Amino acid sequence: GAVVSQHPSRVICKSGTSVKIECRSLDFQATTMFWYRQFPKKSLMLMATSNEGSKATYEQGVEKDKFLINHASLTLSTLTVTSAHPEDSSFYICSARDSRRNSPLHFGNGTRLTVT
Amino acid sequence: ILNVEQSPQSLHVQEGDSTNFTCSFPSSNFYALHWYRWETAKSPEALFVMTLNGDEKKKGRISATLNTKEGYSYLYIKGSQPEDSATYLCAFHGSSNTGKLIFGQGTTLQVKP
């Protein structure tokens, strides 16, 4: 159980276009999902906490107008990278926690974004 | 800024060797410490969620200990196998935040047959 599906796994886009990444919890409801970004040889950096039915909470230094997060249902959160630039090229991964106390995070497979 | 450090950054061992690595984290405002295993081309998989000082958890050949007073956790792998090759991540869950985890950089383990 506790499967998180992330799509697409890989995307190449041109500079200036927008890219949407979906994160779905398949067999549990997730009121909160987390979006991470991984820079080369670095740890997973938390970008934002996505809250179902309300605005996302962004970490310091993350542009909310650049990285739009929508959490419209208990099983779906989306991250849209708007007007992408080459410096946005990175690995983005989502995670969700089920409702059990002290439950771990369940991760998607990640999305490798390349902006040309 | 919360700092979670893991060492070593990478490790190469022979099949059958036992090994261990360290995660250090803030000793204040502690809620939980997570360990994950991340194999190439897969998603990170939870190993342990540890909450109490002195906790010891075990899953097969992998075990972990927790010292919240001094802010460290050890992960041990007994009799390493090639399938243990992965990046091992620890993550700090502080009591003053909203459930978010702060990750260390990971320890990448390579087990040679």
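Whatever comes next refers back to the structure up there.
What you are looking at is a predicted structure, and each value in this text was computed from that prediction instead of being measured. (Residues numbered from 1 in each chain as written. Chains lettered and ligands numbered in written order. Predicted model: local features only at pLDDT ≥ 70, side-chain atom pairs only at ≥ 80, totals over all residues. Heavy atoms only, no water.)

**Thoughts on the pattern of salt bridges**
Pairing between side chains of opposite charge can happen when the charged atoms of each approach one another. Counted according to the given criterion, the structure contains six salt bridges over all chains. Between Arg 24 of chain A and Glu 22 of chain A there is a salt bridge; the shortest N-O distance is 3.4 Å. (Salt bridge = Lys/Arg side-chain N within 4 Å of Asp/Glu carboxyl O.)

**Considering the sheet that holds strand β8 (residues 76–81) of chain A**
Residues and elements named next belong to chain A. The strand order β1-β3-β8-β7 describes an open sheet built from four strands, whose pairing is antiparallel. Looking at which strands have only one partner, the edges of the open sheet turn out to be β1 (4–7) and β7 (67–73). For this sheet, the mean angle separating the axes of adjacent strands, direction not counted, is 15°. (Pairing = 2+ DSSP bridges. Helix = DSSP H or I, 4+ residues; strand = E, 2+ residues; numbered from the N terminus. Axes fitted to C-alpha atoms, helices over the stretch in contact; angles between N-to-C directions.)

**Things to note about the sheet that holds strand β6 (residues 56–59) of chain B**
Residues and elements named next belong to chain B. Taken in spatial order, the five strands line up as β1-β3-β8-β7-β6 in an open sheet, and their pairing is antiparallel. Of all strands in the sheet, those with a lone pairing partner are β1 (5–7) and β6, marking the two edges. Averaged over all pairs of adjacent strands, the angle between their axes in this sheet comes to 15°, without regard to strand direction. Where β1 meets strand β3 (residues 19–24), three bridges bridge the pair, whose relative direction is antiparallel. Within the sheet, the bridge partner assigned to Ser 7 lies in β3 and is Thr 22.

**Remarks on the packing of aromatic side chains**
Enumeration according to the criterion identifies 13 aromatic pairs over all chains in this entry. Judged by centre distance (5.5 Å) and plane angle (90°), the ring pair of Phe 107 of chain A and Tyr 36 of chain B falls under edge-to-face. Here Phe 107 of chain A, found in strand β10 (residues 106–107), pairs with Tyr 36 of chain B, found in strand β4 (residues 30–38), and the two come from separate chains. We classify Tyr 36 of chain B as buried; its relative accessible area is 0%. Measuring from ring centre to ring centre gives 5.9 Å for Phe 25 of chain B and Phe 92 of chain B, while their planes differ by 25°; the resulting arrangement is stacked. (Phe/Tyr/Trp six-rings, centres within 6.5 Å; stacked < 30°, edge-to-face > 60°. Buried < 20%, exposed > 50% of the residue type's maximum accessible area, 1.4 Å probe, protein only.)

**Describing the state of the cysteines**
Within the structure shown, the criterion is met by two disulfides over all chains. The residue that forms a disulfide with Cys 23 of chain A is Cys 94 of chain A, at a sulfur-sulfur distance of 2.0 Å. Disulfide Cys 23 of chain A to Cys 94 of chain A: torsion about the S-S bond roughly 80°, handedness right-handed. With Cys 23 of chain A in strand β3 (residues 19–25) and Cys 94 of chain A in strand β9 (residues 90–96), the pair connects residues that are 71 residues apart, well separated along the chain. Take Cys 23 of chain A and Cys 94 of chain A: they sit in the same class, and that class is buried. Each sulfur of the disulfide joining Cys 23 of chain B and Cys 90 of chain B lies 2.0 Å from the other. Given an S-S torsion of about 75°, the disulfide between Cys 23 of chain B and Cys 90 of chain B has right-handed geometry. Linking Cys 23 of chain B in strand β3 with Cys 90 of chain B in strand β9 (residues 86–94), this pair joins segments that are 67 residues apart in sequence. (Disulfide = S-S within 2.5 Å.)

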